[in-house]
Each structure stands twice: as C-alpha cells, then as structure tokens.
Amino acid sequence: MRGILDTGRAFIWWAKCRGGLATDALTLLLSVLLALTGGVRVQVPSIIGAIGADEPLGFFITLPVIVAYGIGLARPDRLTESRSARPVRIWDVAFRVLLVVLFLAAAVAGPRDASLICARSTAAGIGLTLLAGRFLAVAVISLPAVGWILIGVLTGRTNYGGDAAWNWPILGPSSGIGWAWAAGLLAVGAVAHMTSR
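Residues numbered from 1 in each chain as written. Predicted model: local features only at pLDDT ≥ 70, side-chain atom pairs only at ≥ 80, totals over all residues. Heavy atoms only, no water.

## Digging into the confidence of the model for the protein
Atomic detail in the predicted coordinates should be set aside for any region of low pLDDT. Averaged over the protein, the pLDDT score is 77; the fraction of residues at 70 or greater is 74%. Here helix 4 (residues 78-82) stands out as the element of the protein with the lowest mean pLDDT, 58, in contrast to helix 8 (residues 176-194), whose mean of 89 is the highest. (pLDDT = per-residue confidence, 0-100. Helix = DSSP H or I, 4+ residues; strand = E, 2+ residues; numbered from the N terminus.)

## Description of the nonpolar core
Counting residues in hydrophobic clusters, the biggest one holds 34 residues, and the most contacted among them are Tyr69 and Phe103. Of all elements in the fold, only helix 2 (20-37), helix 3 (62-74), helix 5 (88-109), helix 6 (112-135), helix 7 (143-155) and helix 8 reach the threshold of two or more residues within this core. Looking at this core, the element that brings in the most residues is helix 6, giving 10 residues. (Core = buried A, V, L, I, M, F, W, Y, C linked by side-chain atoms within 4.5 Å. Buried < 20%, exposed > 50% of the residue type's maximum accessible area, 1.4 Å probe, protein only.)

## Digging into the packing of aromatic side chains
In this structure the tally under the stated criterion is two aromatic pairs. Seen in terms of ring centroids, tryptophan 148 and tryptophan 168 are 5.6 Å apart; in terms of plane orientation they differ by 50°. Their pairing is tilted. Of this pair, tryptophan 148 sits in helix 7 while tryptophan 168 sits in the loop between helix 7 and helix 8; the two residues are 20 residues apart in sequence, bridging distant segments of the chain. Since its relative accessible area comes to 0%, tryptophan 168 is described here as buried. Here the aromatic cluster, defined as three or more aromatic residues joined through ring pairs, consists of Trp148, Trp168 and Trp181. One cation-aromatic arrangement involves arginine 134 over phenylalanine 135; the distance from NZ or CZ to the ring centre is 5.7 Å. (Phe/Tyr/Trp six-rings, centres within 6.5 Å; stacked < 30°, edge-to-face > 60°. Lys NZ or Arg CZ within 6 Å of the ring centre and 35° of its normal.)

## Points about helix 7
For helix 7, built from 13 residues, the straight-helix expectation of 18 Å at 1.5 Å per residue is met to within 8% by its first-to-last C-alpha distance of 17 Å. Taken as a whole, helix 7 has its buried residues at Ala145, Val146, Ile149, Gly152, Val153 and Thr155. (Expected span 1.5 Å × (residues − 1).)

## Quick look at helix 6
If you check helix 6, its first and last C-alpha atoms are 35 Å apart, about what 24 residues at 1.5 Å a residue would give, namely 34 Å. Buried residues dominate helix 6, accounting for 19 of its 24 residues.

## Looking at the packing of helix 6 against helix 8
Two numbers describe how helix 6 lies on helix 8: the axes approach to 7 Å, and their chain directions differ by 30°. By the criterion of interaxial angle, the relationship of helix 6 to helix 8 is roughly parallel. In this structure, helix 6 meets helix 8 at a crossing whose hand is left-handed. Packed against helix 6, whose contacting residues are Leu116, Arg120, Ala123, Ala124, Gly127, Leu128, Leu130, Leu131 and Arg134, the element helix 8 presents Gly178, Trp179, Ala182, Leu185, Leu186, Val188, Gly189, Ala190, Ala192 and His193 at the interface. Partitioning the contact of helix 6 with helix 8 into residue classes produces 13 nonpolar, four polar and two charged. (Axes fitted to C-alpha atoms, helices over the stretch in contact; angles between N-to-C directions. Parallel < 35°, antiparallel > 145°, perpendicular 65-115°, else oblique. Left-handed = near helix turned anticlockwise from the far one by under 90°. Contact = heavy atoms within 4.5 Å. Nonpolar A, V, L, I, M, F, W, Y, C, P; charged D, E, K, R; others polar.)

## What to know about the side chain of threonine 62
Its location among the elements puts threonine 62 in helix 3. Threonine 62 gets classed as buried once you look at its relative accessible area, which sits at 0%. Look past the residues within four positions of threonine 62 in its chain and what remains in contact with it is Cys118, Ser121, Thr122 and Ile149.

## Considering the packing of helix 6 against helix 7
Each pair of packed helices can be summarised by the angle the axes make with each other and by the distance between the axes. The N-to-C vectors of helix 6 and helix 7 enclose an angle of 140°; their axes lie 7 Å apart at closest approach. Viewed along their axes, helix 6 and helix 7 adopt a mutual orientation that is oblique. Crossing geometry of helix 6 relative to helix 7 is assigned as right-handed. Every residue of helix 7 that contacts helix 6 at Ser121, Gly125, Leu128, Thr129 and Ala132 is listed here: Pro144, Ala145, Trp148 and Ile149. Along the lines of polarity and charge, the residues of the contact of helix 6 with helix 7 split into six nonpolar, three polar and no charged.

Here it is in structure tokens:
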C-alpha cells in the first residue's frame, strides 16, 4: 500500500512539473476546436515559388501542443530527474501518446482528414522535441519541430505533382511516407529520451 501511495505522489509531482493538466486541457480544447473547424482550409503561399499548400486550418492547431509539451519538458531540474527512482521518462513517453490520441479522437467527431493530419504532426513534432531534448538546451527543444512544420508548409508543393519525401507536414492524411515519418520520429525520440544524458 505504501508503495502505491509513493508512486501516486511521484506521479502527481511529475504531472505538476510537466504542466500535464494545463497541456491536457489545451489539447482537449484544441481537439474540440479541430472537430468544429477542421474542414476549413487555408491557402498558404510558397516562399520558394512552388505551388502553395492548401492546408486544413486545423493543421496549425498542433503547434501550441508541441510548444506546451516542450515547455513541460524544460521545467524540471534534469539532474534531480536523472537520479529519480521513478520512471519519469516512461511517463513522458506515455503522456505523448495521450496527446496524439486526443487528436485522433477528434477524427470521430469532426473532419477526418484534418484530425489525422493534426495527430500525425503532433506525433512527429513531439518525437522530434524529445530527440532535440537529448542534444539541445531545454529552452529551445520545441524549435526544431515547429521550424520543420512551418518550413514544410511555407516551401509548398512541387510543380510536378509529387511532394518531397522530407516534407511530411503537407503530405495527405493517408500518406504512408507521412505516417512513416511520424512513427520513426516517435521511436527515435522515445529512445533518445530514455537514454540518460
């Protein structure tokens, strides 16, 4: 019984340090917004002269969640966590999965394509944030993911009808390449995060 109480206290401490409740609330609110407005599309011009990307408005909903997740990872003291007997890094990875599931749930209630794109971008972005957390200062770990997504949208589509394989943010919701990027970044980010720094 004592062990369960200690684990419960440790989990509450972890959730407070990570801003888990605030991030969950933000993700839930944005999931509802996505279900209501995900069908709205916006034309984003290309900065390199290619064809602009016609993206769902819901595509951009993923950005605040990635930033909030990165802020949560940056809040606690890394030295203290590295000495903790509790599985805080496993909880970080499980929390990431929960955020993606919230966006997937929006696919049931609203436009499926926008919700799937948002879930995929959240998965890939958080995976990249975890990977960046292994090598960069904690204050900037969300920047690579946010930068990749924004650059992907702003570079647009190719003039020949095929999108670049690296540009997963603008690939269609059923794109195998896009989901492979998401799965790969999730896996690599999880491994990097679980490895002690």
